[in-house]
Amino acid sequence: MSIPFIDLQAQYHLLERDIRAGIERVLAHGQFIMGPEVEELERRLADYVGVRHAVSCSSGTDALLMPLMAWGVGPGDAVFTTPCTFIATAEVVGLLGATPVFVDIDSRTFNLDPARLKAAVARVRSEGRLRPRGVIPVDLFGLPADYDEIARVAAGDGLLILEDAAQSFGAQYKGRRAGALAPVGATSFFPAKPLGCYGDGGAVFTDDDALAEVLRSIRIHGKGSDKYDNVRVGINGRLDTLQAAILLSKLDVFPHELEARQRVAKRYDDILAGMAETQFVPDGYLSAWAQYSILLRDKGERMALQGALKKDGIPTAVYYPKPLHLQGAFAALGCKEGDFPVTESVSRRIVSLPMHPYLVDEEVDRIGASVRKTLSQFREEG
Ligand SMILES: *Cc1c(COP(=O)(O)O)cnc(C)c1O
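Source: prediction; values computed, not measured.

*Asks:* Summarise the overall build of the protein; cite the residues concerned and give the values.
*Replies:* If you tally the helices and strands in the protein, you get 11 helices and 13 strands. Computed over the C-alpha atoms, the radius of gyration of the protein is 21 Å, within 12% of the 21 Å expected from 2.2 N^0.38 for a compact globule of 382 residues. Dimensions of the protein, computed from the C-alpha atoms along their principal axes, are close to 70 × 60 × 35 Å. Burial status across the protein gives 54% buried among its 382 residues. The contacts of the protein with a sequence gap of at least 6 include a subset with a gap of at least 24, amounting to 72%. Surface summary for the protein: the accessible area is close to 16200 Å², and the carbon and sulfur share equals 52%.

*Asks:* Could you give an account of the packing of aromatic side chains, naming the residues involved and the relevant values?
*Replies:* If you walk through the whole model with that rule in mind, you get 14 aromatic pairs. Plain terms: the ring middles of Tyr48 and Phe254 are 5.8 Å apart, the flat faces sit at 85° to each other, and that makes the pair edge-to-face. Placement of the pair is Tyr48 in helix 2 (residues 36–49) and Phe254 in helix 8 (residues 241–272), with a sequence separation of 206 residues. The pair Tyr48 / Phe254 is uniform in exposure class, with both members buried. Ring geometry for Phe110 and Phe141: centres 6.4 Å apart, planes at 80°, overall edge-to-face.

*Asks:* If you had to explain the nonpolar core to someone new, which residues and values would you point to?
*Replies:* Counting residues in each nonpolar core, the largest one holds 49 residues, and the members touching the most others are Leu45, Phe80, Leu117 and Phe169. Mapped by element, the contributors of at least two residues to this core are helix 2, strand 2 (77–81), helix 5 (114–127), helix 6 (147–157), strand 9 (202–206) and helix 8. In this structure, Phe80 is in contact with Val101, Val103, Leu117, Ala120, Val121, Val124, Pro132, Gly134, Val135, Ile136 and Leu159, ignoring residues within four places of it in sequence. Ranked by size, the runner-up nonpolar core spans 35 residues in total, among them Cys84, Val138, Met275 and Val371.

How each quantity is defined
Residues numbered from 1 in each chain as written. Predicted model: local features only at pLDDT ≥ 70, side-chain atom pairs only at ≥ 80, totals over all residues. Heavy atoms only, no water. Helix = DSSP H or I, 4+ residues; strand = E, 2+ residues; numbered from the N terminus. Rg over C-alpha atoms; globule rule 2.2 N^0.38 Å. Buried < 20%, exposed > 50% of the residue type's maximum accessible area, 1.4 Å probe, protein only. Contact = heavy atoms within 4.5 Å. Areas by Shrake-Rupley, 256 points an atom, 1.4 Å probe, with all protein chains shown as cover. Phe/Tyr/Trp six-rings, centres within 6.5 Å; stacked < 30°, edge-to-face > 60°. Core = buried A, V, L, I, M, F, W, Y, C linked by side-chain atoms within 4.5 Å.

Printed below as a string of structure tokens:
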């Protein structure tokens, strides 16, 4: 019997009546654009994350784009980020004509390394070609980056901080929730994320009243008093009312799901102890476990493991097979293999195992046993 990588059906089974009722309500009132569910969702998201404003929008990508637009980031600006992330994190920087400047990751957390950030900012400043403007730390696989250290570096250099919390909704860092770990946070409701809708969606979080107003304007074509009064260049960035209704149902069970993810991760940790390195969760951090990933010794071992697990009906995934600095989209930056050795090593050795809140202990045990067996055999032979 094969195990799904992410089981959206199990969740739907549990919530079907509620989700259908929510969809029916939207069909009945017919306010498909910015209907009452959008406002209700934004209130509940803001409460959960612990910020004054949640501005929902059409995707996680737009949730990253809109704050950069609000800040006026553009040509000549350097925005620092990690090459070990999904393309969207750096794509929004390029889209605005600014320059993404990559900074290697910490080898244990896989997140942006604050010490390397400091060095990268100093280098850009001394080169004098670009103006250091902001940093986008990513909470990779659901684990928050080290925001205290990043804020210290950013404060010294006057950098804006935008948290990419696309994978970390629900996570915590020193008692604060992901999305609220920087002056602005962005999350995604793509179906496979910890809190996912049934299409594209996202949200921006902030305590800044003035910024929230600008974000709400950018989201609807730079509207002023209404959408036919346009005071700035914006986008069509709204979240569908139907998706908001679906998210309201899912938010009800989210805290329970987050606990279930902790249970699955803990069980994997126990079974795999000593076999493979896992993502290090420092004290005071809670991961949302968007992915549960392990580091193998090398690419060969990873290929062998993926093949063996596949035969056992266990899917795996590699995030990310090609680091951003080696993507064709950023060829103009002139980066090359060897520029970010930690990211490159992780990219060759990492693999993610099935992870979702509805994995039962027996399934985790079966996956864990299959990983242990394969790695032991492979290492004996090797
Ligand atoms: C998914 C993701 C995004 C983009 O979110 P979309 O909703 O797919 O646009 C951005 N950053 C990271 C790290 C992501 O994982």
